[in-house]
Amino acid sequence: MKQNNILYLLGSGRSGTTLLATILNSTNKVLTSGELHQFYTYFKNDSSCSCGDSVHKCTFWKKVIDDLNLPKDKIEICEKKQNNEEGHRYIPLILLGKKASPDYVISQKQLFNSITKHSKKQWILDSSKYIGRFLLLNQITGFNIKGIYVVRDVRGVINSFSKQVQTPRKPLNTIFYYLLTNFFGQLICWTNKNIIKVRYEDLVQNPNKTIETIYNNLLNSETENKTLNEEFKMPHIIGGNRLKTNKTIKIKKDNAWESIISRPKQILYYILCLPFMIINNYKI
Ligand SMILES: [Zn+2]
C-alpha cells in the first residue's frame, strides 16, 4: 500500500489558510482537499463540494464515497468519533498521551487511502487547522505528516471576523480564540520539526518565495512552479470559507484593518496578544 503523505494546515481561522491551500493546489505536488475534519459530516448530509455539486455527485468525492461504501449508521459513528476526539478541549490530554480510538484510526485510514488512490499528486493537503486532529493523525502508522502553521497579525484576524459574513466574532472573543489556537500552534511548532511557520503577510507579499520555501524546507523537493499564476482555480474542497464558492481566487493583500480599526484599539489588541506579536515579528 502507498504511504499517505499529508500536508496539514494549522493556525487560527481568517489567517489566509484557504488562500494558501488554493495556491498550493496549483503546484505540481499538492492536491488540496479542504477541511477534512468535516468530511464525514459532509458525507452524511450530502453537503456541497466547492464545485457546486453535492459530495455524492462531485466528480472527485464521488469516487472516495464509492470506495468507502458505508451505510448511514457507520457514517454517523465515524462522524461522532471525529467530533468527540478532535475537539480543542482534548488537546492537553492528547499531548499527555491520550490515544486515538481504533474506530477513529480506521475511519481516517480509509479516507486518506482513498484520496491518495484517486489523487495524481504526491501530497494531500488537509486544511482542517484543528490541532487535536493534527496530533491524532500523527499517531497513525503509514501517515507521513508535515505541517504548515499559518500566523497573521491579530488585528487582521479581528477585522476579518468583524465582517458580517459566515461566523462573525466580536474582538474580545476573537482575541481569546487567537490566543488559544496560537498557544497550542506555537507550542507544537517548537516541538515538531516537521512543521514550518508561514506568515500571512509574507505570503501575500511574495507568494512565489513562500511556496518555494514550503517545497524546499518541508516537502524536500523543487517546485516546478517557480512563478505562480495570478489566478488560482478552486479545487474540490470540503468545508472552507466563503472564498470557496468562487471559481477562481486572486491573491489580494488585505490590510484594511490599518485604516478601519482605531489607533487606540490597535494598540490594545496588540498588547493583549503581545507574546505572539513579538514572536512573529509584528510591529505595533
Ligand atoms: Zn467537487
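Above this text sits the structure in question.
Residues numbered from 1 in each chain as written. Predicted model: local features only at pLDDT ≥ 70, side-chain atom pairs only at ≥ 80, totals over all residues. Heavy atoms only, no water.

Asks: Got a minute to help me understand empty space enclosed by the protein in this structure?
Replies: Space left empty within the atom packing is revealed by a probe, the size of a water molecule, rolled over the atoms. Applying the stated criterion across every chain, the model contains 1 cavity of 30 Å³ or more. Approximately 70 Å³ is the volume attributed to the largest cavity. For the lining of the largest cavity, the elements supplying multiple residues, two or more each, are α1 (17-25), β2 (30-34) and β3 (123-129). When residues of the lining of the largest cavity are assigned to their parent elements, the largest contribution, 4 residues, is made by α1. Its residues assigned to classes, the lining of the largest cavity comprises 3 nonpolar, 7 polar and 2 charged. (1 Å grid on protein atoms, 1.4 Å probe; cavity = no way out; pocket = protein on both sides within 12 Å on 5 of 7 lines; lining within 4 Å. Points joined across faces, edges and corners; volume = space filled by probe spheres on them. Helix = DSSP H or I, 4+ residues; strand = E, 2+ residues; numbered from the N terminus. Nonpolar A, V, L, I, M, F, W, Y, C, P; charged D, E, K, R; others polar.)

Asks: Which parts of the structure should I look at to understand the environment of Tyr90?
Replies: Note that Tyr90 resides in the loop between α4 (72-86) and α5 (91-95). Along the primary structure Tyr90 and Phe184 are separated by 94 residues, whereas in three dimensions their C-alpha atoms are 12 Å apart. Filtering out sequence-adjacent residues up to four positions away, Tyr90 remains in contact with Asn84 and Glu85. (Contact = heavy atoms within 4.5 Å.)

Asks: Teacher, can you tell me more about the packing of helix α8 (residues 154-162) against helix α13 (residues 263-272) here?
Replies: For any two helices packed against each other, the geometry is given by the interaxial angle and the distance between the axes. Across the interface, α8 lies against α13 with an axial gap of 9 Å and an inter-helix angle of 115 degrees. Taken as a pair, α8 and α13 cross one another with a handedness that is right-handed. On α13, the residues touching Val154, Arg155 and Ile158 of α8 are Arg263, Gln266, Tyr269 and Tyr270. When the residues that make up the contact of α8 with α13 are grouped by side-chain class, the tally is 4 nonpolar, 1 polar and 2 charged. (Axes fitted to C-alpha atoms, helices over the stretch in contact; angles between N-to-C directions. Left-handed = near helix turned anticlockwise from the far one by under 90°.)

Asks: Is there a simple way to explain the coordination of the zinc ion in this structure?
Replies: Metal coordination angles in their ideal form are 109.5 degrees for the four-donor tetrahedron and 90 or 180 degrees for the six-donor octahedron. For the zinc ion, the protein coordination sphere consists of Cys49 (SG), Cys51 (SG), Cys58 (SG) and His236 (ND1), at 2.0 to 2.4 Å. Between consecutive donors of the zinc ion, the numbers of intervening residues give the motif C-x1-C-x6-C-x177-H. Note that Cys49 is positioned in the loop between α2 (39-45) and α3 (61-68) and His236 in the loop between β6 (231-233) and β7 (248-250), a separation of 187 residues in sequence. Its relative accessible area of 26% is what places His236 among the partly exposed residues. (Donors = N, O, S within 2.8 Å, 3.2 Å for Na, K, Ca; no water. Buried < 20%, exposed > 50% of the residue type's maximum accessible area, 1.4 Å probe, protein only.)

Asks: So what exactly am I meant to see when it comes to the pairing of strand β1 (residues 4-10) here?
Replies: Along any regular strand the residues' side chains alternate between the sheet's two faces. Extensive coverage of β1 is indicated by the burial of 7 of its 7 residues. Every second residue of β1 is oriented toward a common face, with Asn4, Ile6, Tyr8 and Leu10 on one face and Asn5, Leu7 and Leu9 on the other, all of them buried. With 7 bridges joining them, β1 and strand β4 (residues 143-151) adopt parallel strand pairing. For Tyr8, the partnering residue across the bridge sits in β4 and is Gly147. Across 4 bridges, the pairing between β1 and β3 is parallel. Looking across to β3, one finds that Leu10 is bridged to Lys129. (Pairing = 2+ DSSP bridges.)

Asks: Can you walk me through α8 in this structure?
Replies: Since the α-helix advances by 3.6 residues per turn, residues separated by three or four positions end up pointing in the same direction. Counting buried residues in α8 gives 8 out of 9 residues, a clear majority hidden from the surface. The set of residues buried in α8 consists of Val154, Arg155, Gly156, Val157, Ile158, Asn159, Ser160 and Phe161. Buried residues belonging to α8 abut α9 (171-191), α12 (257-260), α13 and α14 (274-279).

Asks: Quick question: what am I supposed to make of the side chain of Thr210 here?
Replies: Looking at the secondary structure, you find Thr210 in helix α11 (residues 207-217). Judged by relative accessible area, Thr210 falls into the buried class, the value being 9%. Excluding residues within four positions of it along the chain, Thr210 makes contact with Val198, Asp202 and Leu203.

Asks: I tried to follow the nonpolar core on my own but got confused; where do I start?
Replies: Nonpolar side chains tend to gather and get buried jointly when the protein is soluble and globular. Counting 58 residues, the largest nonpolar core has Phe39, Tyr40, Trp61 and Ile115 as the members making the most contacts within it. The dominant element in this core, judged by the number of residues it contributes, is α9, at 6 residues. Beyond its immediate stretch of four places on either side in the chain, Tyr40 contacts Leu68, Leu70, Ile75, Cys78, Glu79, Gln82, Ser107, Gln108 and Leu111. Residues Val198, Tyr200, Phe232 and Ile249 belong to the second largest nonpolar core, which totals 27 residues. (Core = buried A, V, L, I, M, F, W, Y, C linked by side-chain atoms within 4.5 Å.)

Asks: Is there a simple way to think about the packing of aromatic side chains in this case?
Replies: How two aromatic rings sit relative to each other is set out by the distance from centre to centre and by the angle between their planes. Enumeration over the complete set of coordinates arrives at 10 aromatic pairs. When the centroid spacing of 5.1 Å and the interplanar angle of 80 degrees are considered together, the rings of Phe183 and Phe184 count as edge-to-face. When its relative accessible area of 45% is taken as the criterion, Phe183 is described as partly exposed. Through pairs of rings, three or more aromatic residues link up here, namely Phe39, Tyr40, Phe43, Phe60 and Trp61. Across from the ring centre of Tyr200, 4.1 Å away, lies the NZ or CZ of Arg152, which sits over that ring. (Phe/Tyr/Trp six-rings, centres within 6.5 Å; stacked < 30°, edge-to-face > 60°. Lys NZ or Arg CZ within 6 Å of the ring centre and 35° of its normal.)

Asks: Explain the side chain of Ser128 to me, please; I cannot follow it from the model alone.
Replies: Looking at the secondary structure, you find Ser128 in strand β3. Note on Ser128: relative accessible area 2%, which makes it buried. Among the polar contacts made by the side chain of Ser128, one reaches the main-chain amide nitrogen of His37 at a distance of 3.0 Å. Dropping the residues within four chain positions of it, Ser128 is found in contact with Tyr8, Leu9, Gly34, Glu35, Leu36, His37 and Arg133. (Polar contact = N/O pair within 3.5 Å; in protein donor to acceptor, adjacent residues only side chain to side chain.)

Keep in mind these values describe shape, not function.
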